[in-house]
Amino acid sequence: MTRFSLHQRVVGLYLLSLRLEIEMDWKTLFLSPEGRIGRQAFWIGWLCLLGASAVLNVIPVIGHLLMLVVIYSSVCIHTKRLHDMGQTGWWQVLPWVLGPVLVFGAIASVGFSAIATAFDGGEPSMALLASIGGLLMSFFIAFAVWLAFTLWVGCSTGAVGDNKYGAPPTDAHAVAL
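Computed from a predicted structure; not experimentally measured.

Novice: Give me the packing of helix H3 (residues 39–56) against helix H4 (residues 62–84): which residues, what numbers.
Specialist: One can describe the packing of H3 onto H4 by two numbers: an axis separation of 10 Å at closest approach and a directional angle of 170°. The angle between the axes of H3 and H4 places the two elements in the roughly antiparallel class. Helix-helix and strand crossings are classified by hand; for H3 and H4 the assignment is left-handed. Residue-level contacts link Arg39, Phe42, Gly45, Trp46, Leu49, Ala52, Ser53 and Leu56 of H3 to Gly63, His64, Leu66, Met67, Val70, Ser73, Ser74, Ile77, His78 and Arg81 of H4. Taken together, the residues of the contact of H3 with H4 sort by class into nine nonpolar, seven polar and two charged.

Novice: So, the packing of aromatic side chains: which residues are in play, and what are the values?
Specialist: Summed over all chains, the structure comprises seven aromatic pairs. Taken together, a centroid distance of 5.9 Å and an interplanar angle of 20° make the contact between Trp26 and Phe30 stacked. Remark: Phe30 and Trp26 occur in helix H2 (residues 26–31); sequence separation between them is four residues, near one turn of the helix. On the basis of an interplanar angle of 55° and a centroid distance of 5.9 Å, the ring pair of Phe149 and Trp152 is categorised as tilted. On the criterion of helical spacing, the pair formed by Phe149 and Trp152 is a turn pair, its members being three residues apart in helix H6 (residues 124–155). One aromatic cluster is present, built from ring pairs that chain together Phe42, Trp43, Trp46, Phe143 and Trp146.

Novice: Please set out the environment of Phe112 residue by residue, giving values where relevant.
Specialist: Following the sequence through the fold, Phe112 ends up in helix H5 (residues 93–120). Owing to a relative accessible area of 58%, Phe112 belongs among the exposed residues under this scheme. Sequence-wise, Phe112 and Ser131 are 19 residues apart; in three dimensions their C-alpha atoms are separated by 9.2 Å.

Novice: Got a sec to walk through the nonpolar core? Specific residues and values, please.
Specialist: Ranked by size, the top nonpolar core spans 15 residues in total, and within it Ile37, Phe42 and Ile77 carry the most contacts. Looking at this core, the elements that each hand over two or more residues are H2, H3, H4 and H6. Counting residues per element, this core draws most heavily on H3, which supplies five residues. When near neighbours in sequence (up to four residues on either side) are disregarded, Ile77 contacts Leu29, Phe30, Ile37, Phe42, Gly45, Trp46 and Leu49.

What counts and how
- Residues numbered from 1 in each chain as written.
- Predicted model: local features only at pLDDT ≥ 70, side-chain atom pairs only at ≥ 80, totals over all residues.
- Heavy atoms only, no water.
- Axes fitted to C-alpha atoms, helices over the stretch in contact; angles between N-to-C directions.
- Helix = DSSP H or I, 4+ residues; strand = E, 2+ residues; numbered from the N terminus.
- Parallel < 35°, antiparallel > 145°, perpendicular 65-115°, else oblique.
- Left-handed = near helix turned anticlockwise from the far one by under 90°.
- Contact = heavy atoms within 4.5 Å.
- Nonpolar A, V, L, I, M, F, W, Y, C, P; charged D, E, K, R; others polar.
- Phe/Tyr/Trp six-rings, centres within 6.5 Å; stacked < 30°, edge-to-face > 60°.
- Buried < 20%, exposed > 50% of the residue type's maximum accessible area, 1.4 Å probe, protein only.
- Core = buried A, V, L, I, M, F, W, Y, C linked by side-chain atoms within 4.5 Å.

Right under this line is the structure:
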């Protein structure tokens, strides 16, 4: 082995060790919107947040307050995943706004159709029943938008190489323990 090839190996191992030191830890994964994460780290974080939200929804008041931390953590992992795809984190406003707008609009239509039917002299219970169908359809569309967005973010490949949001995530470990 020549001295040059030994030097190349030492430099290569040093660069590899530097790359492994940039691993994502749990605190950075859930509490910082900066940087990029790969698909595996996203799905691990998403499943952890899904479990946390299921547990916290059972706890009456404190659990609902702690859900704000889960929502912030969800924004962080979605932002980092969008950064890895070369997109801005603001894309996640779409499902966060569209879902409630659809649902509240459908709820309002239930009340308005019952009022309009009462003024018209028709059967309010039939109008209410028809409006509830629209409400259920709005829930379905809001869920479909959320599901499509999550699958798009979680399954799309990241940008190759560095982008304006930083270096690509390391593939050695999804999240350091």
